[in-house]
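The lines below spell out each chain.
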Amino acid sequence: MNKKEIEKIAIEELEGFLGRKISSYSKKSDNIITKKQVKEISDYLEKEYNFSEKIYKNKEPKFLIVDIESEQYNSLCFSDFNISDEGRTFKFYLFNCKDNLSPIAILFHEFGHAIHLAYTGGMTSIPKPFLEIIKIFGFERIEELEEEQQCEVFADILSMGLMLDSPFEKYDIFTPIHRKHKEAYKELVKQIFKLLP
């Protein structure tokens with residue numbers, strides 16, 4: 001399958017999953033992650049966190065690098081909902097990133113969603129104990145946000161924890177957030193991994 005066919009299938013899959021058309025997208029090739037970077041990050045997460053067993057339940061994730069820029073999304077993380085004892089299959093759609101955002105940071109954000117999904121079985125709300133920790137460490141007003149926005153913030157928090165003290169920390173886009181808060185987010189990530197079966 002060539003690149004154009006992969007893009008067409010990816011867009012059709014996304015529109016089917018979202019239940020609507022992706023409103024607008026354009027071709028652009030200047031701010032997109034590479035397969036090599038995806039592999040380097042995946043290898044790091046495997047070594048540090050045993051991602052394949054803990055998150056993917058040893059099912060191979062799919063990374064689709066789609067050479068478009070979407071008005072709505074920089075990337076998306078989906079999982080099939082036909083969960084079996086073997087786990088679920090994760091799909092990561094990675095687009096050209098808008099506003100000069102780091103595509104590496106965006107992928108870490110999607111890994112935050114994957115952790116959330118693996119831990120709770122969904123991405124519709126954040127467990128109350130985690131909300132309390134988040135409120136203490138920098139996001140006092142998180143409960144004022146809609147649940148969908150809370151989940152986006154949670155993915156950002158988990159991504160900061162994953163990136164801290166990693167070879168990818170330089171791509172962290174949340175530079176104004178204090179290191180002590182990021183250390184708490186890293187501890188939160190570690191605790192979630194301990195709680196995962």
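Definitions and cut-offs
Residues numbered from 1 in each chain as written. Predicted model: local features only at pLDDT ≥ 70, side-chain atom pairs only at ≥ 80, totals over all residues. Heavy atoms only, no water. Phe/Tyr/Trp six-rings, centres within 6.5 Å; stacked < 30°, edge-to-face > 60°. Helix = DSSP H or I, 4+ residues; strand = E, 2+ residues; numbered from the N terminus. Buried < 20%, exposed > 50% of the residue type's maximum accessible area, 1.4 Å probe, protein only. Salt bridge = Lys/Arg side-chain N within 4 Å of Asp/Glu carboxyl O. Patch = residues over 30% accessible without salt bridge, like charges linked within 9 Å, V, L, I, M, F, W, Y side chains within 5 Å. Areas by Shrake-Rupley, 256 points an atom, 1.4 Å probe, with all protein chains shown as cover. Lys, Arg positive; Asp, Glu negative; His and termini not counted. Charge placed at Lys NZ, Arg CZ, Asp CG, Glu CD. Pairing = 2+ DSSP bridges. Contact = heavy atoms within 4.5 Å. Axes fitted to C-alpha atoms, helices over the stretch in contact; angles between N-to-C directions. Parallel < 35°, antiparallel > 145°, perpendicular 65-115°, else oblique. Left-handed = near helix turned anticlockwise from the far one by under 90°. Nonpolar A, V, L, I, M, F, W, Y, C, P; charged D, E, K, R; others polar. Arc of directions from axis to C-beta.

J.: Mind showing me how you'd approach the packing of aromatic side chains here?
T.: Given two aromatic rings, their pairing is described by the distance between the two centres and the angle made by the two planes. Scanning all chains against the criterion turns up 16 aromatic pairs. Summarising the aromatic geometry, the rings of Tyr44 and Phe168 are spaced 5.8 Å apart at their centres and angled 70 degrees between planes, so their arrangement reads as edge-to-face. Of the two residues, Tyr44 sits in helix 2 (residues 35-49) while Phe168 sits in the loop between helix 6 (147-163) and helix 7 (179-195), which places them 124 residues apart along the sequence. Judged by its relative accessible area of 12%, Tyr44 is buried. Among the residues examined, Phe168 registers a relative accessible area of 9% and is labelled buried. Consider the rings of Phe51 and Tyr56, whose centres lie 5.6 Å apart with planes at 75 degrees: the pair is edge-to-face. The burial state of Phe51 is the same as that of Tyr56; both residues are buried. By way of ring pairs, the aromatic residues Tyr44, Tyr49, Phe51, Tyr56, Phe63, Phe90, Phe92, Phe108, Phe111, Phe168 and Phe193 are connected into one cluster.

J.: What is the right way to read the pattern of salt bridges from this model?
T.: Between side chains of opposite charge, a pair can form when the charged atoms approach closely. According to the stated counting rule, one finds eleven salt bridges in the structure shown. When the shortest N-O distance is used, the salt bridge between Arg179 and Glu169 registers 3.6 Å. Note that Arg179 is positioned in helix 7 and Glu169 in the loop between helix 6 and helix 7, a separation of ten residues in sequence. Overall, Arg179 belongs to the partly exposed group, its relative accessible area being 37%. Each of Lys128, Glu132, Lys135 and Glu143 takes part in a single network of salt bridges with overlapping partners.

J.: Please explain a negative patch on the surface as it appears in this structure.
T.: A grouping of Glu146, Glu147, Glu148 and Glu152 is seen on the molecular surface, where their side chains present a negatively charged patch. Considering the arrangement of structural elements, one finds Glu147 in helix 6. The class of Glu147 is partly exposed, set by a relative accessible area of 45%.

J.: Where do I start with the pairing of strand 5 (residues 90-94) in this structure?
T.: Look at any regular strand and the pattern is simple: side chains alternate between the two faces of the sheet. Of all five residues making up strand 5, four are buried, and the element is well covered by its neighbours. Here four bridges tie strand 2 (residues 62-65) to strand 5, and the two strands are oriented parallel to one another. Bridge pairing in strand 5 links Phe63 to Phe92.

J.: I tried to follow the side chain of His181 on my own but got confused; where do I start?
T.: Structurally, the position occupied by His181 is in helix 7. His181 gets classed as buried once you look at its relative accessible area, which sits at 17%. Setting aside chain neighbours within four positions, we find His181 in contact with Phe137 and Gly138.

J.: Before we go on, may I ask you to explain the packing of helix 4 (residues 103-120) against helix 6 in this structure?
T.: Relative orientation and spacing of two packed helices are given, respectively, by the angle between their axes and the distance between those axes. Contact geometry of helix 4 with helix 6 gives a least axis separation of 7 Å together with a crossing angle of 110 degrees. As far as their axial angle goes, helix 6 and helix 4 are roughly perpendicular. With respect to the hand of their crossing, helix 4 and helix 6 are arranged in right-handed fashion. Judged by residue contacts, Ala105, Phe108, His109, Phe111, Gly112, His113, Ile115 and His116 of helix 4 engage Cys151, Glu152, Phe154, Ala155, Asp156, Leu158, Ser159, Leu162 and Met163 from helix 6. Within the contact of helix 4 with helix 6, the residues separate by chemical class into ten nonpolar, five polar and two charged.

J.: For this particular structure, what's the right way to read the environment of Ala105?
T.: Examined against the element boundaries, Ala105 turns out to sit in helix 4. Separated by 64 residues in sequence, Ala105 and Glu169 have C-alpha atoms that sit 8.8 Å apart. Once you skip the residues sitting within four places of it in the chain, Ala105 turns out to touch Met163, Tyr171 and Ile173.

J.: Looking at this structure, how should I read helix 5 (residues 128-136)?
T.: Count 3.6 residues to each turn of an α-helix, and residues three or four apart come out pointing the same way. Every buried residue of helix 5 is listed here: Phe130, Leu131 and Ile134. Considered in projection along helix 5, the buried side chains sweep an arc of 105 degrees and stay on one side of the axis. Away from its buried face, by an angle of more than 90 degrees, helix 5 presents the exposed residues Pro129 and Ile136. Gly138 lies just past helix 5 and shows a positive phi near 105 degrees.

Coordinates in, geometry out; function isn't part of it.
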